[in-house]
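Chains, contacts and geometry: an overview
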Amino acid sequence: MGAHVPLKNYFGEELAVRLANSIKPYYPSFPVDSFVHTVAEQTEPLELKARVRLIAGELHRTLPLDYPDQMGILLNILGPENEREQGMFTEGYFLMPIAYFVEQYGLNHFRISMDALYEITKRHTSEYAIRPYLLHHSAECLETLSTWAFDPNSHVRRLVSEGTRPRLPWAKRIEVLNGDPLQNLALLEPLLDDRSDYVRKSVANHLNDLTKDYKQITIHWMANKLSDGWEHGSSVVRHALRSLIKSGDPDALAMLNEL
């Protein structure tokens, strides 16, 4: 991806061609020309999110199948997994409309959609697309994420933390799981000493979110984990307390002094 090209520009004719040509072998009657023409024409005046939404909508319209069959086709075009812990927003950008497709059209097919998000996040990210599922299928989501916290893939483990952040940047704020911050903290616990710094950074960001609305609960929980011998506790806690420290919060400053 070019360094100086606005990201939104990739969500237009060029991406439409790529998606259409990828879909055609799995759905021979896919209307390549009309799909490309519609996307090219209608995305021109739009900003990034609106472009992604439009492309997902056109995919939904031009694959006149039931959602499970649509996803069966789209999962075939995801490409190889991202073996690194960078590049999900740069090399994987072309999957944004497919993640949005799951977000927008899949809520009535929980298991199929979660399996799709599992595959997408190994190549791009599902941290935004999973949020409606947290709201509408909270118990099932929590059960699935509790399993994903032990997944061998670091992108999947990161999704457990990042997708459930109450204040995820560029996403609509959500309440803590089941209205209880201890649910979030329990979900994060297996990731506290994750072997991946990429995952631990997400955990610290999630804890930082929690300190803004549940300061005492979060600080107390982190203090207990530190006393239990949390290997990466010092670095994670420093990052998790950064907002409170910036505001001069005395409890955070006291905790920082004890690290």
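Below: a short report on this structure. Nothing here was measured: the structure is a model prediction, and the numbers come from that model. (Residues numbered from 1 in each chain as written. Predicted model: local features only at pLDDT ≥ 70, side-chain atom pairs only at ≥ 80, totals over all residues. Heavy atoms only, no water.)

1. Brief notes about the packing of helix H1 (residues 13-23) against helix H2 (residues 32-43)
Rule in force here: Whenever a helix is involved, its axis is fitted only over the stretch in contact; in every case the axis is a line through C-alpha atoms, and angles between N-to-C directions fall within 0 to 180 degrees. Helix and strand labels come from DSSP, where a helix needs a run of H or I of at least four residues and a strand needs a run of E of at least two; each type is numbered from the N terminus. The cut-offs work like this: below 35 degrees is roughly parallel, past 145 is roughly antiparallel, 65 to 115 is roughly perpendicular, and the gaps in between are oblique. By the definition used in this description, the sense in which the near helix is turned from the far one sets the handedness, with an anticlockwise turn below a right angle giving left-handed and a clockwise turn giving right-handed. Only heavy atoms matter for contacts: two residues are in contact if any of them lie within 4.5 Å across the pair. Amino acids outside the nonpolar list (Ala, Val, Leu, Ile, Met, Phe, Trp, Tyr, Cys, Pro) and the charged list (Asp, Glu, Lys, Arg) are all regarded as polar, and Gly is one of them.
Running from amino to carboxyl end, H1 crosses H2 at an angle of 155°, the nearest separation of the two axes being 8 Å. Considered as vectors, H1 and H2 are oriented roughly antiparallel to each other. Handedness of the H1/H2 crossing: right-handed. Across the interface between the two elements, Glu 13, Ala 16, Val 17, Leu 19, Ala 20 and Asn 21 of H1 pack against Val 32, Phe 35, Val 36, Val 39 and Ala 40 of H2. When grouped by side-chain class, the residues that make up the contact of H1 with H2 number nine nonpolar, one polar and one charged.

2. Topic: unusual backbone geometry
Its identity is not glycine, yet Trp 170 carries a phi of approximately 65°, on the positive side. Tracing the chain through its elements places Trp 170 in the loop between helix H9 (154-162) and helix H10 (181-188). Phi angles above zero are rare outside glycine, and Asn 178 is one such case at about 55°. Summarising the element assignment, Asn 178 is placed in the loop between H9 and H10.

3. Some thoughts on the nonpolar core
For the record, the criterion: In these notes, a set of buried Ala, Val, Leu, Ile, Met, Phe, Trp, Tyr and Cys residues joined through side-chain atoms within 4.5 Å is what counts as a nonpolar core. The rule is simple: take the accessible area with a 1.4 Å probe, protein chains only, and divide by the maximum for that residue type; under 20% is buried, over 50% is exposed, in between is partly exposed.
Formed by 76 residues in total, the largest nonpolar core has its most connected members in Ile 23, Phe 30, Phe 35, Trp 148, Leu 207 and Met 222. Sequence-distant contacts of Phe 30, that is, excluding residues within four places in its chain, are made with Ala 20, Ile 23, Lys 24, Phe 35, Leu 59, Thr 62 and Leu 63.

4. Notes on the packing of aromatic side chains
Put simply, the rule is: Aromatic contacts are taken between Phe, Tyr and Trp rings whose centres are within 6.5 Å, Trp giving its six-membered ring; a plane angle under 30 degrees counts as stacked, one over 60 as edge-to-face, and the others as tilted. Two conditions define a charge located above a ring, namely a distance within 6 Å from the ring centre to NZ of Lys or CZ of Arg, and an angle within 35 degrees of the ring normal.
Counting across every chain of the model gives six aromatic pairs. Here the guanidinium or amino end of Arg 18 rests over the ring plane of Phe 94, the centre of that ring lying 3.7 Å away.

5. With respect to the side chain of Thr 121
Within the element layout of this structure, Thr 121 appears in helix H6 (residues 110-121). We classify Thr 121 as buried; its relative accessible area is 3%. Residues in contact with Thr 121, not counting those within four places in the same chain, are Ser 126, His 155, Val 156 and Leu 159.

6. Describing the environment of Thr 164
Following the sequence through the fold, Thr 164 ends up in the loop between H9 and H10. In this structure the C-alpha to C-alpha distance between Thr 164 and Leu 177, which are 13 residues apart in sequence, comes to 7.7 Å. Look past the residues within four positions of Thr 164 in its chain and what remains in contact with it is Arg 131, Leu 134, Leu 145, Leu 159, Ile 174, Leu 177, Asn 184, Leu 187 and His 206.

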